[in-house]
Amino acid sequence: MRNLMNITDLTVEEIDELIAVAEDIIANPVKYQDACNHKLLATLFFEPPTRTRLSVESAMHRLGGSVVGFSEASSSSSAKGESLADTIKVVGGYADIIAMRHPKEGAPVVAARYAGVPVINAGDGAHNHPTQTLTDLLTIWRAKKRLNNLTVGLCGDLKFGRTVHSLVGAMARYTGIKFVFIAPEELKFPRYIIEDELDSRGIPYKEVSTMEEVMEELDVLYMTRVQKERFFNEADYIRLKDTYILTPEKLVPAKEDLTIMHPLPRVNEISTAVDDDPRAWYFRQAKNGMFIRMALILKMLEVTV
Ligand code: NCD
């Protein structure tokens, strides 16, 4: 039985295979519509945002499977004081696979120990978000037809944004990648990830504080939301939340084939005036998330089509 805790639990070859399966699902959805008949997915979301939950649930429904679950800790027995281990042992007895989101870093690792069925980490605190990264890789692949030789700009809350932490870990394994970190001093990309993933492999990166100074170099621009829920102090959030707003004017010097991404939800980071630009990929990115999660569920349940 396999779990997915971190994107690096998958080899580059396995990611390539998942992308190939997702492409096949996009081309031939009918072929997959009964692949998970009589299989049950449980979604345990101890943190409110519902987008990823809807995406995983849609993935399971589109494979012909069923779904149970909750989307807030307050509606689960943890509100009565039940331990995570007990919740997971019970749900592991009902379901064939579990997708879990938790505000505490490492909680899915604990869950995986007790579940008895495969567990997908659907986001743990500011730590990791491997299924978002699969979504991002499929999107970059569909936009560029390659995952190597790219200059990737990451902009916004690089400190608390788990999507960028996972994405850098994944992309650092491809050749010819350069990273550009665009963040204010207080929200800089974590030093430990730079040391572990980039310095140790000699991967080039630079850190800047405005998007204007690097716009023309970028192949991918990945915008992120300032993660309000991880701030200790409301005043800091208010001061930092609108540091970066991507507008059509700022895109003037950008490459014609720039890929603009955002894991969503968007607050103010991208002006809606950018949405009709053919370089805006974020809504296609959200849709890709469902297809790659279908491929992942098939792999984790060891279903072949
Ligand atoms: C992201 C997350 O939850 O980390 N969103 C998502 O998965 N759709 C990004 C975010 O909440 O800003």
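Remember, it's a predicted structure, so these values are computed and weren't measured experimentally.

(A) Seen up close, the site of the ligand. Taken together, the residues surrounding the ligand are Arg51, Thr52, Arg101, His129, Gln132, Arg162, Thr163, Arg225, Gln227, Pro263, Leu264 and Pro265. Taking glutamine 227, its side chain carries an N or O atom lying 2.8 Å from an oxygen atom of the ligand. Here the ligand has 320 Å² of accessible area as a free molecule, and 96% of this is covered by the chains. Put simply, the parts of the chain that give the shell around the ligand at least two residues each are α2 (51–62) and α6 (162–171). Of the residues assigned to the shell around the ligand, the class counts are three nonpolar, five polar and four charged. Mapping the shell around the ligand onto the domain boundaries places at least three of its residues in each of domain 1 (7–128 + 289–300) and domain 2 (131–285).

(B) Summary view of the sheet that holds strand β3 (residues 97–102). Spatially, the four strands line up as an open sheet ordered β2-β1-β3-β4, and their pairing is parallel. Of all the strands in the sheet, just β2 (66–70) and β4 (119–124) have a single pairing partner and so form its edges. Taken over all neighbouring pairs, the strand axes of this sheet differ in orientation by 15° on average, direction set aside.

(C) Local environment of the packing of aromatic side chains. Scanning the entire structure with this criterion turns up seven aromatic pairs. Centre to centre, the rings of phenylalanine 179 and phenylalanine 181 are 6.1 Å apart; their planes meet at 5°, and the pair counts as stacked. Each of the two residues, phenylalanine 179 as well as phenylalanine 181, counts as buried. Seen in terms of ring centroids, phenylalanine 181 and phenylalanine 189 are 4.4 Å apart; in terms of plane orientation they differ by 15°. Their pairing is stacked. Linked through ring pairs, Phe179, Phe181, Phe189 and Tyr205 together constitute an aromatic cluster. The ring of tryptophan 281 is capped by arginine 284, whose NZ or CZ atom sits 3.8 Å from the centre of that ring.

(D) Representation of the packing of helix α5 (residues 130–144) against helix α9 (residues 282–300). Two elements in contact, α5 and α9, have axes separated by 8 Å at closest approach and are oriented at 115°. As far as their axial angle goes, α9 and α5 are roughly perpendicular. In this structure, α5 meets α9 at a crossing whose hand is right-handed. Judged by residue contacts, Thr131, Gln132, Leu134, Thr135, Asp136, Leu138, Thr139 and Arg142 of α5 engage Gln285, Asn288, Gly289, Ile292, Arg293 and Leu296 from α9. Looking at side-chain class alone, the contact of α5 with α9 contains four nonpolar, seven polar and three charged residues.

(E) Highlighting the domain arrangement of the chain. Domain parsing of the chain yields domain 1 (7–128 + 289–300) and domain 2 (131–285). A straight line from the C-alpha centre of domain 1 to that of domain 2 covers 25 Å. Taking both partners together, domain 1 and domain 2 bury about 2,200 Å²; carbon and sulfur atoms supply 58% of that area. Counting the contacts that link domain 1 with domain 2 gives three salt bridges. The salt bridge partner of arginine 230 is glutamate 47, with a shortest N-O separation of 3.1 Å. Connecting domain 1 to domain 2 are 11 residue pairs in polar contact (both at pLDDT 80 or more). No other element matches helix α1 (residues 12–27), which puts eight residues into the side of domain 1 that touches domain 2. Residue composition of the side of domain 1 that touches domain 2, grouped by class: 13 nonpolar, nine polar and seven charged.

Calculation criteria
Residues numbered from 1 in each chain as written. Predicted model: local features only at pLDDT ≥ 70, side-chain atom pairs only at ≥ 80, totals over all residues. Heavy atoms only, no water. Near = heavy atom within 4 Å. Polar contact = N/O pair within 3.5 Å; in protein donor to acceptor, adjacent residues only side chain to side chain. Areas by Shrake-Rupley, 256 points an atom, 1.4 Å probe, with all protein chains shown as cover. Helix = DSSP H or I, 4+ residues; strand = E, 2+ residues; numbered from the N terminus. Nonpolar A, V, L, I, M, F, W, Y, C, P; charged D, E, K, R; others polar. Domains from an automatic or database assignment. Pairing = 2+ DSSP bridges. Axes fitted to C-alpha atoms, helices over the stretch in contact; angles between N-to-C directions. Phe/Tyr/Trp six-rings, centres within 6.5 Å; stacked < 30°, edge-to-face > 60°. Buried < 20%, exposed > 50% of the residue type's maximum accessible area, 1.4 Å probe, protein only. Lys NZ or Arg CZ within 6 Å of the ring centre and 35° of its normal. Parallel < 35°, antiparallel > 145°, perpendicular 65-115°, else oblique. Left-handed = near helix turned anticlockwise from the far one by under 90°. Contact = heavy atoms within 4.5 Å. Buried area = accessible area lost by both parts, 1.4 Å probe. Salt bridge = Lys/Arg side-chain N within 4 Å of Asp/Glu carboxyl O.

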